[in-house]
Every structure is written in C-alpha cells, then in structure tokens.
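Here is how the chains run, residue by residue.
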Amino acid sequence: MVDFSLTRRDEELVALAERENKIALKHARAADVHSIDGALPFALPHPDVAGLQDPFEALANDHEGTSSEVIAEALMMISSAADADLRDRDHAFGSLVLEEFGTDEQKAKYGHLKLAIGLTEPGAGSDPSMIRSNSRYDAETGDYVLNGEKTFISFFNIYDGAVTLVRGEPDEKGNRPFHTFVVLRGQEGVGKVPSIRKMGMRQHDLAGFSMQDVRVPEIAKLSADFAKTFSKFNHNRPLVAAVALGTCRSMLDFTRERLEARGISIDYAKGAAGRSAAEDRLIRMEALWEAAWGVTMYAKWKQTQVGTPSYDYRTEASISKAIAGKAARTITQTCLDILGPEALSEHYLAEKWFRDVRIADIYEGAGEIQRVLVAREMLGYKRELN
Amino acid sequence: MVDFSLTRRDEELVALAERENKIALKHARAADVHSIDGALPFALPHPDVAGLQDPFEALANDHEGTSSEVIAEALMMISSAADADLRDRDHAFGSLVLEEFGTDEQKAKYGHLKLAIGLTEPGAGSDPSMIRSNSRYDAETGDYVLNGEKTFISFFNIYDGAVTLVRGEPDEKGNRPFHTFVVLRGQEGVGKVPSIRKMGMRQHDLAGFSMQDVRVPEIAKLSADFAKTFSKFNHNRPLVAAVALGTCRSMLDFTRERLEARGISIDYAKGAAGRSAAEDRLIRMEALWEAAWGVTMYAKWKQTQVGTPSYDYRTEASISKAIAGKAARTITQTCLDILGPEALSEHYLAEKWFRDVRIADIYEGAGEIQRVLVAREMLGYKRELN
Amino acid sequence: MISFELTEEQEIIRSTMREISRDALSPEARRHDLDGAIGTAVLDTIWQAGIVQAQADRESRSPVSNVLVLEELAAGDASVALAVGAASGFVQAVTDQGSEAQRAVFLASLEGDRFAAGTIAAMEPDFVGDVTRPATRVLRSEDGFTLSGRKTMVPLAAQSTHFLVIADLDGASDAFIVDASATGVTIEARQALGLRGLGLGEVNFDGVVLPTDARLGEGNGADVQRIIDGARVGLAAAMLGLSRAVMEHIIPYTKERVVHGSPLAQKQKIAFDIADMRMETDAIRWMTWKAAWALETGLDATRLAQLAYTYAGERVMQIADNGLQSMGGHGFVEEHPMEMWYRNARSLSMLESVAGV
Amino acid sequence: MISFELTEEQEIIRSTMREISRDALSPEARRHDLDGAIGTAVLDTIWQAGIVQAQADRESRSPVSNVLVLEELAAGDASVALAVGAASGFVQAVTDQGSEAQRAVFLASLEGDRFAAGTIAAMEPDFVGDVTRPATRVLRSEDGFTLSGRKTMVPLAAQSTHFLVIADLDGASDAFIVDASATGVTIEARQALGLRGLGLGEVNFDGVVLPTDARLGEGNGADVQRIIDGARVGLAAAMLGLSRAVMEHIIPYTKERVVHGSPLAQKQKIAFDIADMRMETDAIRWMTWKAAWALETGLDATRLAQLAYTYAGERVMQIADNGLQSMGGHGFVEEHPMEMWYRNARSLSMLESVAGV
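Residues numbered from 1 in each chain as written. Chains lettered and ligands numbered in written order. Predicted model: local features only at pLDDT ≥ 70, side-chain atom pairs only at ≥ 80, totals over all residues. Heavy atoms only, no water.

- The name recorded for chain C in an unreviewed UniProt entry is Acyl-CoA dehydrogenase family protein, from Sphingomonas colocasiae.
- UniProt, in the comment section headed Sequence similarities (unreviewed entry), describes chain C in these words: "Belongs to the acyl-CoA dehydrogenase family." (UniProt positions renumbered as here; feature names shortened; annotations may be inferred.)

- Under an unreviewed UniProt entry, the name given to chain A is Acyl-CoA dehydrogenase, and the source organism is Sphingomonas colocasiae.
- Under the UniProt heading Sequence similarities (unreviewed entry), the note attached to chain A is "Belongs to the acyl-CoA dehydrogenase family."
- Per UniProt, chain A has the following entry under Cofactor (unreviewed entry): "FAD".

### Observations regarding the overall build of chain A
Here's step 1: What chain A contains, in helices and strands, is eleven helices and eight strands.
Here's step 2: Against the globule reference of 21 Å for 386 residues, chain A gives a C-alpha radius of gyration of 22 Å, in line with a compact fold.
Here's step 3: Seen through its principal axes, chain A has C-alpha atoms that stretch 80 × 50 × 40 Å.
Here's step 4: Taking all 386 residues of chain A together, 61% fall into the buried category.
Here's step 5: A separation of at least 24 residues holds for 73% of the contacts in chain A among residues at least 6 apart in sequence.
Here's step 6: Of the roughly 15000 Å² of accessible surface on chain A, 49% is carried by carbon and sulfur atoms.
Here's step 7: In chain A, which carries 48 positive and 58 negative side-chain charges, the distance between the mean positions of the two groups comes to 4 Å. (Helix = DSSP H or I, 4+ residues; strand = E, 2+ residues; numbered from the N terminus. Rg over C-alpha atoms; globule rule 2.2 N^0.38 Å. Buried < 20%, exposed > 50% of the residue type's maximum accessible area, 1.4 Å probe, protein only. Contact = heavy atoms within 4.5 Å. Areas by Shrake-Rupley, 256 points an atom, 1.4 Å probe, with all protein chains shown as cover. Lys, Arg positive; Asp, Glu negative; His and termini not counted. Charge placed at Lys NZ, Arg CZ, Asp CG, Glu CD.)

### With respect to the domain arrangement of chain A
Here's step 1: Each assigned domain of chain A is listed with its residue range as follows: domain 1 (8-78), domain 2 (93-224) and domain 3 (227-379).
Here's step 2: Computed from C-alpha coordinates alone, the two centres of domain 2 of chain A and domain 3 of chain A are separated by 32 Å. (Domains from an automatic or database assignment.)

### Some thoughts on the relation of the copies chain C and chain D
Here's step 1: Expressed as a screw operation, the relation of chain C to chain D combines 0.0 Å of axial shift with a rotation of 180 degrees, fitting to an RMSD of 0.0 Å. Overall, the copies show the geometry of a two-fold rotation axis. In terms of C-alpha distance to the rotation axis, chain C has Gln268 of chain C as its closest residue, with the C-alpha 2.8 Å off the axis.
Here's step 2: Taken as a fraction of all interface residues of chain C, those also at the interface in chain D reach 100%, which identifies the copy contact as same-surface. (Least-squares fit on C-alpha atoms with pLDDT ≥ 70 in both.)

### Examining the pairing of strand 3 (residues 143-154) of chain A
Two faces make up the sheet, and in a regular strand the side chains alternate between them.
All names here are of chain A.
Here's step 1: With five bridges connecting them, strand 2 (residues 134-138) and strand 3 associate as antiparallel partners. Residue Asp138 lies in a different strand from strand 3, and its bridge partner there is Asp143.
Here's step 2: Turn length for the strand 2-strand 3 hairpin, with the two strands adjacent in sequence and antiparallel, is four residues, and the turn residue Gly142 shows positive phi of about 75 degrees.
Here's step 3: Pairing of strand 3 with strand 7 (residues 206-217) involves nine bridges; the strand directions are antiparallel. Directly across from Val145, in strand 7, lies its bridge partner Arg215. (Pairing = 2+ DSSP bridges.)

### A few points about the interface of chain C and chain D
Here's step 1: With five residues of chain C at the interface, the matching set in chain D holds five residues.
Here's step 2: Three residues, Gln268, Lys269 and Phe272 of chain C, lead the burial of chain C against chain D; their summed loss comes to 89% of the area buried on that side.
Here's step 3: Inspection of the chain C/chain D interface yields zero salt bridges.
Here's step 4: On inspection of chain C and its partner chain D, the count reaches three residue pairs in polar contact (both at pLDDT 80 or more). (Buried area = accessible area lost by both parts, 1.4 Å probe. Salt bridge = Lys/Arg side-chain N within 4 Å of Asp/Glu carboxyl O. Polar contact = N/O pair within 3.5 Å; in protein donor to acceptor, adjacent residues only side chain to side chain.)

### Let's talk about helix 8 (residues 277-306) of chain B
All names here are of chain B.
Here's step 1: With 30 residues, helix 8 should reach 44 Å at 1.5 Å per residue; the first-to-last C-alpha distance of 44 Å fits that figure.
Here's step 2: Of all 30 residues making up helix 8, 27 are buried, and the element is well covered by its neighbours.
Here's step 3: Positive phi appears at Gly307, one or two residues downstream of helix 8, with a value of about 90 degrees. (Expected span 1.5 Å × (residues − 1).)

### Remarks on the domain arrangement of chain C
Residues and elements named next belong to chain C.
Here's step 1: Domains assigned within chain C are domain 1 (8-111), domain 2 (119-220) and domain 3 (224-350).
Here's step 2: Using C-alpha coordinates to define each centre, domain 2 is positioned 30 Å away from domain 3.
Here's step 3: In this assembly, 13 residues from domain 2 lie in contact with ten residues from domain 3.
Here's step 4: For the pair domain 2 and domain 3, the summed buried area comes to about 910 Å², and 77% of that belongs to carbon and sulfur atoms.
Here's step 5: Applying the counting rule to domain 2 against domain 3 returns zero salt bridges.
Here's step 6: Going through the elements one at a time, strand 4 (162-169) and strand 5 (172-179) are the ones with two or more residues in the side of domain 2 that touches domain 3.
Here's step 7: At three residues, the largest contribution of residues to the side of domain 2 that touches domain 3 is made by strand 5.
Here's step 8: Looking at side-chain class alone, the side of domain 2 that touches domain 3 contains eight nonpolar, three polar and two charged residues. (Nonpolar A, V, L, I, M, F, W, Y, C, P; charged D, E, K, R; others polar.)

### Some remarks on the packing of helix 4 (residues 63-76) of chain C against helix 5 (residues 78-97) of chain C
All names here are of chain C.
Here's step 1: Orientation of helix 4 relative to helix 5, taken along the N-to-C sense of each, is 150 degrees, at an axis distance of 6 Å. As summarised for this structure, helix 4 and helix 5 are arranged roughly antiparallel, according to the angle between their axes. Contacts between helix 4 and helix 5 pair Asn66, Leu70, Leu73, Ala74 and Gly76 from the former with Ala78, Ala81, Val84, Gly85 and Gln92 from the latter.
Here's step 2: Split into classes, the residues belonging to the contact of helix 4 with helix 5 amount to six nonpolar, four polar and no charged. (Axes fitted to C-alpha atoms, helices over the stretch in contact; angles between N-to-C directions. Parallel < 35°, antiparallel > 145°, perpendicular 65-115°, else oblique.)

### Brief notes about the UniProt feature "domain: Acyl-CoA oxidase/dehydrogenase middle" (unreviewed entry) in chain C
Here's step 1: In the UniProt entry, the feature "domain: Acyl-CoA oxidase/dehydrogenase middle" (unreviewed entry) is given for residues 121-208 of chain C.
Here's step 2: Across residues 121-208 of chain C, helical content stands at 0% and strand content at 52%; the span's end C-alpha atoms are separated by 15 Å.

### Remarks on the interface of chain A and chain C
Here's step 1: Listed as interface residues are 52 residues of chain A and, on the opposing side, 47 residues of chain C.
Here's step 2: Of the roughly 4600 Å² buried between chain A and chain C on both sides combined, carbon and sulfur atoms contribute 66%.
Here's step 3: For the pair chain A and chain C, the number of links is eight salt bridges.
Here's step 4: Between Lys326 of chain A and Glu280 of chain C there is a salt bridge whose closest N-O contact spans 3.4 Å.
Here's step 5: Linking chain A with chain C are 22 residue pairs in polar contact (both at pLDDT 80 or more).
Here's step 6: Residue assignment for the side of chain A that touches chain C shows that the elements contributing at least two residues are helix 4 (69-79), helix 8 (277-306), helix 9 (314-339) and helix 11 (367-379) of chain A.

### Here's the deal with unusual backbone geometry
Residue and element names in this part refer to chain B.
Here's step 1: In this structure, Phe155 takes a positive phi of about 65 degrees despite not being glycine.
Here's step 2: Inspection of the secondary structure assignment puts Phe155 in the loop between strand 3 (143-154) and strand 4 (161-167).
Here's step 3: The phi torsion at Glu364 lies on the positive side, around 55 degrees, for a residue other than glycine.
Here's step 4: Residue placement: Glu364 occurs in the loop between helix 10 (350-356) and helix 11 (367-379).

### Re the pattern of salt bridges
Here's step 1: This model, assessed by the stated rule, comprises 134 salt bridges over all chains.
Here's step 2: One salt-bridge network, in which partners are shared between bridges, spans Lys302, Glu316 and Glu377 of chain A together with Arg18, Glu71, Glu72, Arg244, Glu248, Arg278, Asp282 and Arg285 of chain C.

### Details of the UniProt feature "domain: Acyl-CoA dehydrogenase/oxidase N-terminal" (unreviewed entry) in chain C
Here's step 1: Under the present numbering, the feature "domain: Acyl-CoA dehydrogenase/oxidase N-terminal" (unreviewed entry) in UniProt falls on residues 7-109 of chain C.
Here's step 2: Counted over residues 7-109 of chain C, helix gives 82% and strand 0%. Its end C-alpha atoms are 30 Å apart.

### Some points on the environment of Pro211 of chain C
All names here are of chain C.
Here's step 1: Take Pro211: it is sitting in strand 7 (residues 201-211).
Here's step 2: On the basis of relative accessible area, Pro211 is assigned to the partly exposed category, the value being 44%.
Here's step 3: As a C-alpha pair, Pro211 and Val178 span 33 residues in sequence and 9.6 Å in three-dimensional space.
Here's step 4: What Pro211 contacts, discounting residues up to four positions off in sequence, is Asp143, Gly144 and Phe145.

### Considerations on the side chain of Asp282 of chain C
Here's step 1: Inspection of the secondary structure assignment puts Asp282 of chain C in helix 8 (residues 268-296).
Here's step 2: The contact partners of Asp282 of chain C, leaving out residues within four places of it in the chain, are Val295 and Ile319 of chain A.

### Focus: the pairing of strand 2 (residues 137-141) of chain C
All names here are of chain C.
Here's step 1: Note that strand 2 and strand 3 (residues 144-154) share five bridges and pair antiparallel. Among the inter-strand pairings, Leu139 is bridged to a residue of strand 3, identified as Thr146.
Here's step 2: The hairpin turn running from strand 2 into strand 3, its antiparallel successor, is two residues long.
Here's step 3: Alignment of strand 2 against strand 4, held across two bridges, turns out to be parallel. Within the sheet, the bridge partner assigned to Arg137 lies in strand 4 and is Asp168.

Set out below in structure tokens:
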C-alpha cells in the first residue's frame, strides 16, 4: 500500500535532527568564517550539542518502527541543513573500506585509525583511468614503494591517514592494475598539503597529499576490489541528495518566512494566474524540492527492497543524486533572486547556503555522470555513451 | 557609430510589410484549415493583396537609403508573421541553384521553370552522408538513370520539378561523388507522393517524390558543387530567424494586449519584486525576443560588411538561427501558459502560432547543428566535435 | 511508514489499463485527434471497464488507483484519459459531497452499458483567469437559484448529461449540478490546440433556473477546493502518462536513427534528454502518488496537489518539446504521434479542472 | 541606419580598457575578494585613466562608450567595474540633472589625482523591495529637507564623499546629494556573497538635515528613472564582461582537461554550453548597446534597459553556473577564479542601481 506517512519513531528521529540543526545554525556563520583554512573554530564535540542525543546514533541503536533504517537516515539528513557538522561523525570512508575488505590482521593493525579515502588526483577528477600514482614492489625489503599525488581528500588533515588507490606494475599485457594501500599521515615521504580553500562547506576539511618513495609494508596492501570500492558510492548518492535537500529546505523556509513578513503569503489553492512573481517562483521551487524528495525517498525505499549490496537500485540512486543536484543549484539561485539584494548580505545564512550546496551536483559523481549512467541503463549502452 | 535607428526608407518598408501582414491575418485561419493537405483555399496571388505593393519587390527595386538591403529584408520578415504567405514569392531554391551554376544552355532549357530543391531523404535528415539516391550513366543512350526517394521537399507538388542531389557511380577509391540533376514532375518514373500533413506551417507545401529508373538527358546534370549548394543555407539562416521572430512578435503583442485588457499593464520601470507572475514572465519573454533580434540584426549587418558570398559571418548566422529557434519554442509555449486555457482555443491565432513556429528550431539546420558549428569555431575543432 | 508498494489489486488495475491503453487507445489516438472526437466504441469499452462507476463506492474508491489508471490511459491517448477523468470527477464529487438524495439520483445514471456521464465545468473564457475565483454567478431566488455565466474547455461538452458547474454564490465558490438539457443552457463546440478528441466545448448558462437541490450537498455549500485538488492530481497523472509515451517512443527512435555515423541516442545531448525524461517522469510519479495518498487519507492535499500539478506541467512541456526536437522534421509531421503529443502537452498542462481522482 | 560599428575613439577606449583589465585587474581580483576592498593603487590607476571625470562633459559623454568600459573592466574584476560605474553614475546624474551650482560644486571634486567620488544609494534593506519605490523619506522643513531611512548595498560606502540618495518626496521618487560626513549619517560595512572588493555597506540616515540645494536639479525634482535606466544598462554591461571572463576561462580549461580519453570540450554537453556562452554574450552585448544607444540619443530607454538587465541577469547566472559545473571540483575551490565569478554573478544580477552609463 502506497504510504507517505512517517512512523512515530520516524517523527522522533526527525525532530531530533531538527533540534540538532537549530543548535548548529547558531554556529554556522562562525564555522564558515573560521574554517576557511580547514580549522573549526571549536573543538569537537561542541559543548552546545554534547548534551543532546546524536540522532544518527539514536537511529543506529534503535531503528525498529522506522520506515526502515535507510529511509529514516535520509529523512534525518533532509531535516538537517548540515550547516555545521558539529558532531564527529564516524563516517571515515577509508575505515569502512578497511572494515569490509581488510584481513583480521589488517584490521588489528589499522582498525583503530580514522582513514580517509584517496582516489582523486590533480588532472583526474572522476576518471580513474587518469590515475598516475603508482606502486612498485621492492623484493629486497618486501615493501611497496608509492609515488604520486592525491587531492580533494576529505578530512585527510584531520584523520590519521588514507586508503589510497594507485597503479601497480604493468602486467604481461602492459596493463597496470589498481592497488589499494593504507598510507599514514606523517609517514616518511608523505607530503602535507594545506587544506583546500573552498567557496562553501568550509567546515568540511579537504586536503591533498603527495607520496614520494613512500615505503609501506605488505600488510598495508588491501585486497579491496576497485569496482567494489567505487560501489560504495552507490548507496551514498541518495544520502548526498538528502543532505543537499536539507540545505535547500532551510533556504525555502527562509524565503517563505521573509515573504510572509512582507505580506506575501503563499496560496497553494489558487491558480497560477493570480500569483505575484515572487509567489509563483517560490511555488515552482517548492515543487522542484518535492520532486527531489520523491526520487530520493524512492531510491532509499528500493534500497531496502533489494538490499544495500545489490546493484538494482543504482539507477534510482543516480536519479536522486541528479535531481537533488539540480534542485540545489536552482533553488538557491532562485530564492536569493526572489528575495532581492538584502539576501546577499552575510547578515543572513542564505548566502552561505547558496555557496555550500553548489557542490551537491559535483561531488560523488557530477550530474553529467549520473545522466550518463541513467541513459546507459535506459538505452542498453555501455562504452558507446560517455 | 553604433546606431539602432531605422532610416525613413526602412520604416516605409516595415510599414508595408506590416500592412500586408494585417491582411494576411484575416486569411490565416482559413489557410491553416484548408491547406492541411497542401491546397490553399484560394488562388495566388490573392485578390485582397493583389492591389498592394509587394514589400519585398519594393525592396528589390529600390533599397537606396535602407540600413542595407539584407538588413531591411530581415526587418520586413520580422514585421510580418508570415501567417499566410499570400504572395507567390519567387524564392524557388532549385531555380536559384540553376541560375548560379547552370550553363546558358541549361538556363535556356530549364530557366522558365520553378524548381524545388531535393536534398532530404527518408532516413537522412541533415546528414548528406546518408543519401542513398543514385545515378548511373547509360553510355548507350547518353542518359543518366536515377533511382531513389526524396522527402520534405518544399513546394514540389506546386512547382515544375526539382534540382536533386544524388550519388554518382563509385570512383576508383570506391567513393561515390555527389551529382545534381534537374528532375521534372510528371516525368516517367517520377512517383508522386501526397503532400505531407504537418502540425503547422500548413500553407507551406511539403512533399516527396520517388525516382524509379528516371532517365534524364546529360543536359539535366548541373555542375553545382555540393558544398556551394549547401552554402546557400548560410545567408538564409538569419532570415529564417527573422521569420520566426515575426510570429513571436505576433504572439507577444497578443499576450500583452490580452493582459492589458484584464488590467495587467506591463511596467518596465519598476523592479522585478513588484511584478505579478504574468507580468514577470512576459517581460522575460520580451527580453528573449530582443536578444534574438539583436543577434539577427548583427548577423545581417556583418553580412553586409563582409559580403554575402563570404564565410566570415557563418558563426553569426548560426547564432541568430539558434537563439531565434529557442525563442520561438520558449515564447510561444510560455505566452499560452501565461494567458491560460482560453488561449488554446481555435478562436484565436495564438494556438496556430504555437504550432507554426515550432519548425524554426529544426529546419535549415536544427539548433543542435548550429551549436556544433558555433562550438567548432570557438574551440578550433572540426570532426572531433559532432 | 513510507512505502511505494502497490496493493495486488492496484497492480492488476495497472496492468489491465496498460493493456487497454496499448491495444485500444494508442492505435486510435490519431483518429480521435483528426475526428475531434473519441470513438463511441472506445468510450463504451472504457465505460464497461467500470472505472467511472467504481468512483461511486465511497469505501473502495482510491485516488491512488485512479492515478494509476489515468497514467496508463494517457500513455495511450490523453483525450481518453481526460474523458474518463472528467466523468470520474463528476461521480467523485457527487459521491463525496452529494446529499443522500443527490447520490441516489445521479449515481443511478451510471447503470447503463453506454458511456453516459457528467463533467465538471470550471474554467471560464477569460484570459489570465483563476479557476478558484469564478465569474459565473449563482443568485438565490425564491425557490432555488439562478445561474449565469460561461464555462469553457468543458470536456465532452456535447455528450455529457450533467455539468457540475463551479460558480460564485454569496462571494464564495460553490458547485451546482445542472442538467445539460435545462432551459438557458447552450453548448458550442470549441476546438483547441490539443486534446482534440476530448470534444471540448463552451457552455453558456443564461439565467438557468435551478432547484434548491441542485446545490452540491444541499447544505452549507460544497468544498470546491477538494474538487480542484483532485483535478490537479488527475491532470498530473495524465501528464505523467503523456511524458512516458514520449519517452518510450523516443528511445527506440533515437537508437535506430543513424546520423553522421552513429545512432542519435549516442549523442550526449539526446542521451541526456532521455535521462532527464526518465528522471522527471519518476519524479512526477512520486509527487502524484503522494498527493493522491493525501487525498485518500483525508489529509489536506491542496499544497501537494498544486506542487504535483505545477511540476508536471513544466516537465511535460519540456519533455514533449525535447522529444519533438530529437525527431527533427519527423517530429513536425502527422506521420508520427510526436506533434500531437506536443500539442496535447501544452493543452493538458494548462487545464486545471477537467479530471478527477 | 542600423550599424554595429564603433567609432575610432571607441575602439581605442575598448582596447585600452582591455589592456588595463588584463594587466592590472585580473591579477588582483582574488586579492580584492579576500581583502574585501579594492587596492588603493588600482583605484587610483582607474581614476587617473579619467573615465569617471569624463562623465562630467555633457557633450562628449557616451553611454555606448561607457558600456564598452564596463564590459572590459568587469571581465577583469567586476568589483572594480562597479566601483567605476558607481562613481560614474554619481557624476552622470549631477552632470545631466544637477543645477549649475551643483555641477560647479560637485564636479570640482573630480580634479584631484586620487580616487574620490560619490556613489548612488538606492537599494534598501528590505526583502522583496522595489528600487523604484523607496521607503526612505524626505520631508520638507522650513529651510530645506529632513532625510530618514536606510540604504543597503551601497558601493564604496566607506570611501565615498557623497551619496546620491534616492528617496520619496511627496509620494514620488527623488534624488538628494548627501555629504557622507553630515550629522545623522552612519555607515556600516556589510559584507556580502560576492563583489566583496566593492566595499558594500549599509548607510543609515537618521533625520539628516539637508539644505534646499541638496535636491538634485534644485527644481521640480530629479528624473530618478533615468538614473535607474542608466544603472540597469551599466549592470548589464558588467554582467556581459563577467560572462565573457567565464567563457574565456572555460575554453582553454575544457580543451586541456582530458576525461575518459578525450578533452572535456569534445563532450557535447560541454561544447553546447560553450556555444551557448558565446551566443548569450553576443545577445547581451547587442541588447546593452541598443539600450545605451537609446540613452545616448535621448530616447525613452526604460524598456530596453529593463530587458537588457533582465536578460543579462538570467544568462550571467546560467553561464557562471555552467562554467563552474564544467570545472567539477576545481570550480568550487579558491585556486581558480570560477567560484568567485559564481558568487559575483549572483550578486551582480540582483543589484539594480550601483552602476551608471
């Protein structure tokens, strides 16, 4: 039976996320200004939120009675604008890869560390075939020797190291296989690169590192399959969509409130002909938001139907990411324009949301990539379309 | 000196075109309804307009004091919605090719005829490499024998025949060159195909013909260069843009008048925040129209600077066609939507303009083709981009 | 609990309708367009499927199911979808809001074997009009009401036995059931850009005298917004079906058509348009389901209905426009359904009250 | 007679400005953005180029030439373009509409070697406000006026010697020249999303007492619409320059960047975006020229100015958005100017009165 109602437990969790968001909002400007260089203005966890229950932890501990764990997680993301990610969330991507593909021995050695994931290189955005970092086996010492450069690595300067993707030595056909190694910060030959200064999402640390004859022992080599490493992105896409929708929701709420304060209330009953320009544009933006909400919820629902490791919801995951990415761009651009020059001021968070959320259509697969994936599935194409 | 004023002569010609358009409007619905099958409901030239001066003839006879002949021609197109092309205009494209590339002997034989141009084939839209019609030389009789099928040929069922493009016999490398022949309607082997029923522009006859062992004498073979035949399209593009803008102008005028009749006047002075949705959307459509007007005028102006046979205004020609094509789609779709359901009624011409002008972004090079041409020029690409 | 799962019954409805649509509607859509009318046989087939009649059961009628029906029918022929939607809208309004007496009278008329239904008359021949503020007026008279005004884009205008007329009474929108044969009612065919099979017409009410029991519900007035909400959702569902038809036509077309050495579908512009069609039809579907679910569960559906309708209206126009463009000249000629869909898309997305769920 | 030909002088202006923009502005734009101010050296260079002062000559000043200047400057740094536009707008208003006495006083201040100019204060800290309907009010007093209200997004707020304040007098918009050091004037820096170098500020007028000759023209009131028209054209020109900067950056970037075996620029999506950038910058340019030509020849320019401004505003946002997208993650980081252009595009297209031609 088609149902869009939230369970009581859903509602509780959403309310929890909303409360945390309200607290975060108070610190959002400070986090934006002070973390330009990747340094948060306060230590984590922040005392303001330390007293509350982490909603995501609450979900992890008890998801009985929710619309399924994965749907509840997306709902909570949407309820939170993620303005300041004040909690030290345990989403270290590299650590997850270790956990999934590491041997017990490897887990024992690296399991207590927070590991980022090192894929992107300068000159190789979403295209793994452009990866130039490489590894060479030194039979004498039994070490691997790594060289190369990585960039756009989330939290590298905050975490302990990274699980990084490099090319191995050429096989008989001249192909260079992909290998995955654990590389630690501070290790000899690992060069530190300052955190990257960004337009938005400044509290999200992004950095690079260089590897110059970095020697790692054999145990640092994970047997993480390349395709499987990437498959991690699949179920992350609707969550990335949900995060973007959270920020868009803040923007829409702000716009609606300001319009109402000016005596422009939104009447959903009447026809388009009777609307003011501001009202008409806002309604169209709300419709776009609802569109993105629907495909995101559907992707999560399908994920629960077929199971997270399945590939059978990847098209839906791509759709949710692509529509939410478009919504993020359009809604923030349009809402500022509806409100006029005052909305540009740093006095309000609107301009920050505009900056923050622009990344939504780029990271974890740009809108163009998602469309290629969707179109391939529809047209039965593979490499013919790129 | 930058100048956007019309000369007195420009204004006279524009006024003449507007007067003719007003007369044409009276017959527009009848022409639409009755010429679904390609038959105009009245003879050409129509008595209503026979008494007036043909503005295009007036321009051809005297273009002194205009903003140059080509600009004046475009201005007149823009002033006329081309609702019913009541005059039997002498724009037979095949005849123009004959005139330019034919020998005196060929002109003597075919010069009195009205000839269409036969390029397109079923399965080969804008792609000449897909042309399958062919010619074979019969050394015994000295005839050429033509086979194949042509479609989307303007006025074929009204004119006397067509200048048609076919493949010759393969050369030593196996390449089949392009040949151009005059084929006459009613000739043995030339199969008649009923006029094509279309969504709009119904007074513009479009037909096809088949060639089954059609024998034509050697004199029917023109030495028209393929590239040159196509280059004819170059200077035609801004005119096609202008025709589309004429129809869009009618749509915008209609919309503005109806809004004003409802007490919604368009105030260009005030800021966007004070507008109604209808006013705001109409202003954006007017802006799009002005954008298309500007690039069309610029293409024509550049044409006069570098000379019509030059290639140096082809990018500008493509730009004007592409923006006007987009404007045609957007303006007609949006104006109907602004006005609401009543605008859908056949009681008004608005719905006809919506149908008619949709072809503007397709014929004589679709918007996609124009963008490929523009991008190639900007990026210095040729076949790398298609 | 959030779920996108259809009931078994809904799955059956959907596949049945998909079959009817494919076998009986698609092949006839061009004919309906050219004739300016839906064939009687087609209407009767639909009637005999019992969709319209099912709306008379307050317990079992399901807006979600109706959305499925309208999507499928519109994928075959949007005119037929709206004919069904219009007749259903009438029955739904009477079922939900009619008095016992009204239900008894008007729902009895559903018993025949031939298509015979009422329709909603809400839009007016007025540019930039608003369906929620009718100029058509009802004045109170001694033993009933008098109705004056004009309605436009009334579906099946010449075939309907009754009109549910949305009109102003005492400054508020209300609904009245008017017999098509009443004195003062004149009907004029009014062909339009698209949905030509739907038999759109203009209906004039010239001082039509109505008895007291003509007022829907007979009590304190009808909830007109609920009717409009249902109609917006119904239109969104029809736009969804039309969008899907375009997409399903364009995929094989662009895969087969070779231009400059490769199939059209391998051009990034075309492939991205196709991806967008899929993305947008999915989005419209869930928005429409959500609004229908709100109607079904008795929640305030006005906002969700408006958003689904608004979004579907923007997208169906864009999908039809891009679909036509990807076919080039073939998109412009009657040999293919594309040009008809282009006209239907613009029409559908501008009507606000001709279907119901 | 329709012509797009620049005069020889205009060609020289254009190439001079292009050079200044390339050599002195582009390399400093990021610094201006980070510092929240334009460097004094840059301002003085611009000042010494005499652009602002040239506006004081009623005979020779040319809106078309000014459009060329603003396009070129904005291609280097939109903040500098608007600083020049703001100062020019002040001088233009005084030159065109000031009384003899006002011209004598205020134009004398142009004679120094250092940047020192007035600015227009028109927008207000009010959401969904309308620049043509100011809430800032001027009341008549015995020997002059009293001014009260708040203005926002005032360029060079802290550096300007005078403000031309658009305010309501007797129910109509009028313009008043206000000394920045007058009692009751307070200036507050107010950083914003973009154009950070411009030194935007909020200016509060708390019962500022103005002499009679503070009213622009001293006579029957100023033609405020003419000031707004000029500002809209100026903003369109700046948006044009910014659009061109994006395009000129994206072309080499996408040609050099290889993804999945071929340069980005060979992807149809990217190539079409680039074609659109060229098409739209051309279109904005001619619209802006046409509106400037109308201003120059004394025709009613309101409609053309509005259309150029509206169109440029839509397109510059789209061009910056697509430009950023084509650079992927690189579009989001400070290493490249793209993210700054994205912010500047949204800011520029929402201001309505900070530049003049």
